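Structural features, examined
Below, each chain spelled out in residue letters.
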Amino acid sequence: MQKNTMIGVDLAKAVFQVHGPSMTGQEKFRKKLSRQSFPRFMAEQPPAVVVMEACGSAHYWAREMIRLGHEAKLIAPHYVKPFVKRQKNDAADAQAIVIAAQRPEMRFVEPKCAEQQSRAILFCARERLVRQRTELINALRAGLYEYGHAVPQGIHQIKQIEEILDAPNSDLPDLVREECRDLLEQIAEQSVHINARTAKIKVLAAEADTARRLQTIPGVGPLTALAVEAFAPPIDSFSCGRDFAAWLGLVPRQFSSGGKERLGRTSKAGQADIRRLLIIGAMSRLNWLGRKSILADSWLARIAARKPRMLVAIALANKMARTIWALMAKNEDYRVPALVAAA
């Protein structure tokens, strides 16, 4: 069915601004609606293209619009900003959303399903707990440092901290000991929650066929596999592996002009969680244990012999991202290049 109206919606917590022009640009309506009246108003409209900025509640409302018979599209906020007119307000934002969405070259964000969002929330909950535990550990180390005890970084240094607190000849005051032991209890509690969520992620990664396939790639574990499944859009939205790597922010930033190509640092403009996990997985392949599986005449061995370790990790993470795209696009498991060449 041909849709004759494109409705731009500026989402908020309580008040939604709706701008509805025709496909040729003629304005039909402009309304400010409450959160309760917005679904009723959209249910009364004929099937239309509904465009919203990608934000916290946008995926929920996109699913609701699809349920009401509309076609939902999400657009990144930084693509809308150039089309906002002189004054910044909700009505101007809703109009700018429509103008940006009418551009034929515009890129859109794929709406997430409810299951995909739930897995993303689980992943973010674990990351939040890890950050909170790191904050507690740093507070504990800072308190001991004020009394001359320099403890290295890392969760594995907890045993050393306990030995300092339990030492009979320690110069720590009793009040400091009490506070440090309280921090240790909080760290232990956070570790229990982190381990529970890690176990749940491993179970989900083992059940999903896509996550299981991704774990056949060296350097990709359950966390990375579930992060790809939770945060990445449908793989067919990328035409090649480089587009997926660029979406992750693993390609150089360009400053090209006049036919001269100038490449800078890694852009870091994409999905930060997947990018970080891929770099961690790449670093694990470059340590003393992971290097044992690297073939002597392989691409990785040659670049590792002449480039800094972090640069090699970024290059390997880029290659891993392209491999992830290939496996998901072809529905295949990872095959070692040396074995494929021998066959």
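What you are looking at is a predicted structure, and each value in this text was computed from that prediction instead of being measured.

**A closer look at unusual backbone geometry**
You will see that Asn 331, though not glycine, has its phi angle at about 55°, which is positive. Residue classification places Asn 331 among the exposed positions, given a relative accessible area of 54%.

**What about the side chain of Lys 112?**
By secondary structure assignment, the location of Lys 112 is in the loop between helix 4 (90–101) and helix 5 (114–145). Of the side chains with opposite charge, Asp 273 lies nearest to the buried Lys 112, which makes no salt bridge, at 8.3 Å. Dropping the residues within four chain positions of it, Lys 112 is found in contact with His 59, Arg 63, Gln 117, Ala 230 and Phe 231.

**So, the nonpolar core**
Grouped together as the largest cluster of nonpolar side chains are 41 residues, with contacts concentrated most on Leu 214, Phe 244, Ile 274, Leu 278 and Ile 324. Elements with a contribution of two residues or more to this core: helix 5, helix 8 (209–214), helix 9 (222–231), helix 10 (241–248), helix 11 (272–286), helix 12 (299–304) and helix 13 (309–330). When residues of this core are assigned to their parent elements, the largest contribution, 11 residues, is made by helix 13. Leaving out residues up to four positions away in the same chain, Ile 274 has contacts with Ala 227, Val 228, Phe 231, Ala 232, Trp 247 and Leu 248. Counting 19 residues, the second largest nonpolar core, distinct from the first, contains Phe 16, Phe 29, Phe 38 and Met 52.

**A word on the sheet that holds strand 2 (residues 15–21)**
Strand order in this open sheet of 5 strands is 3-2-1-4-5, and the pairing throughout is mixed. Looking at which strands have only one partner, the edges of the open sheet turn out to be strand 3 (27–34) and strand 5 (71–75). Each strand of the sheet is rotated relative to its neighbour by a mean of 20°, with strand direction disregarded. Strand direction decides the pairing type here: strand 4 (residues 49–53) and strand 5, joined by 5 bridges, are parallel. Along strand 5, the bridge assignment pairs Val 51 with Lys 73. Taken strand by strand, helix 4 contacts strand 1 (6–10), strand 2, strand 3, strand 4 and strand 5, and its axis lies near 135° from that of strand 1.

About the criteria used
- Residues numbered from 1 in each chain as written.
- Predicted model: local features only at pLDDT ≥ 70, side-chain atom pairs only at ≥ 80, totals over all residues.
- Heavy atoms only, no water.
- Buried < 20%, exposed > 50% of the residue type's maximum accessible area, 1.4 Å probe, protein only.
- Helix = DSSP H or I, 4+ residues; strand = E, 2+ residues; numbered from the N terminus.
- Lys, Arg positive; Asp, Glu negative; His and termini not counted.
- Salt bridge = Lys/Arg side-chain N within 4 Å of Asp/Glu carboxyl O.
- Contact = heavy atoms within 4.5 Å.
- Core = buried A, V, L, I, M, F, W, Y, C linked by side-chain atoms within 4.5 Å.
- Pairing = 2+ DSSP bridges.
- Axes fitted to C-alpha atoms, helices over the stretch in contact; angles between N-to-C directions.

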